[in-house]
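# Structural overview for review
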Amino acid sequence: MKDVVLELKDIKRWFGNGEKKLEVLKGVNLKINKGEIVALEGPSGSGKSTLLYVTGLLDKPSSGELYLAGQSCAKMKEQERTQARRKYLGFVYQSHLLLPDFTCLENVMMPLLISGVHKKDASLKAAELLEKMGLKHRLKHRPGEMSGGEQQRAAVARALVHSPALLLADEPTGNLDPSTSEKVFAELLSIVRETGLSALIATHNPALAAKMDRRLRIENGGVLEV
């Protein structure tokens, strides 16, 4: 039996109280196994980002259980949540969110340095991953000197450099033109499959979703298999 990297049990998330109570997640149940790449589809406002924030330990569920790499996370204290994010999770957003005053290499090294990895070792690992992403010639460039596609490749490398158990991506190629989006997404899938990680990737693009192992759709506050 495959290892379960992520399990959500009856996760609910609401905002406000009484008449102003807004229920966004109404009892989400899902499992993602080791090595699985799963698409999360749904229209704007359906709760995709809310679900990713809860799964990424950036927001707490109103009720329910969340297990990450077998560890119960729903009731963790903030320091424990921070440690779990650093250890188990990688994030890619629609906007690359690279630090403008640091080089491409330094941006990708950052998660390793924060985790206490020696600077030389962090540099070697970051450079190796950037080379796989086709950015060997951009190591010393700052984000402002790189194209949009290159910046997003660097963001993907930064999310994967510490070998997380689970990659969470929110429309990771949504700001790119179709051709560049295809290339960056193909590289992302290739690296994830090569390393055996798991991934939950929110996307509006059915063609990209079809390239993943499974497709989930968030609808009426719940998640359904497509």
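See the structure shown above.
The following paragraphs examine the structure supplied in this document. Just so you know, these numbers come straight off a predicted model, no measurement behind them. (Residues numbered from 1 in each chain as written. Predicted model: local features only at pLDDT ≥ 70, side-chain atom pairs only at ≥ 80, totals over all residues. Heavy atoms only, no water.)

### Points about the environment of leucine 130
Mapped onto the elements, leucine 130 comes out in helix α4 (residues 119-132). Overall, the relative accessible area of 0% leaves leucine 130 in the buried class. Among all residues touching leucine 130, those that are not within four sequence positions of it are Cys104, Leu105, Val108, Leu135, Lys136, Leu139, Ala154 and Ala157. (Helix = DSSP H or I, 4+ residues; strand = E, 2+ residues; numbered from the N terminus. Buried < 20%, exposed > 50% of the residue type's maximum accessible area, 1.4 Å probe, protein only. Contact = heavy atoms within 4.5 Å.)

### Describing empty space enclosed by the protein
All told, the structure shown has one cavity of 30 Å³ or more when counted by the stated rule. There is about 60 Å³ of room inside the largest cavity. Forming the boundary of the largest cavity are Leu52, Tyr53, Leu58, Phe91, Val92, Tyr93, Leu168, Ala169 and Asp170. Elements supplying a minimum of two residues to the lining of the largest cavity: α1 (48-55), β6 (89-92) and β7 (166-170). Among the elements that line the lining of the largest cavity, the one with the most residues is β7, at three residues. When grouped by side-chain class, the residues that make up the lining of the largest cavity number eight nonpolar, no polar and one charged. (1 Å grid on protein atoms, 1.4 Å probe; cavity = no way out; pocket = protein on both sides within 12 Å on 5 of 7 lines; lining within 4 Å. Points joined across faces, edges and corners; volume = space filled by probe spheres on them. Nonpolar A, V, L, I, M, F, W, Y, C, P; charged D, E, K, R; others polar.)

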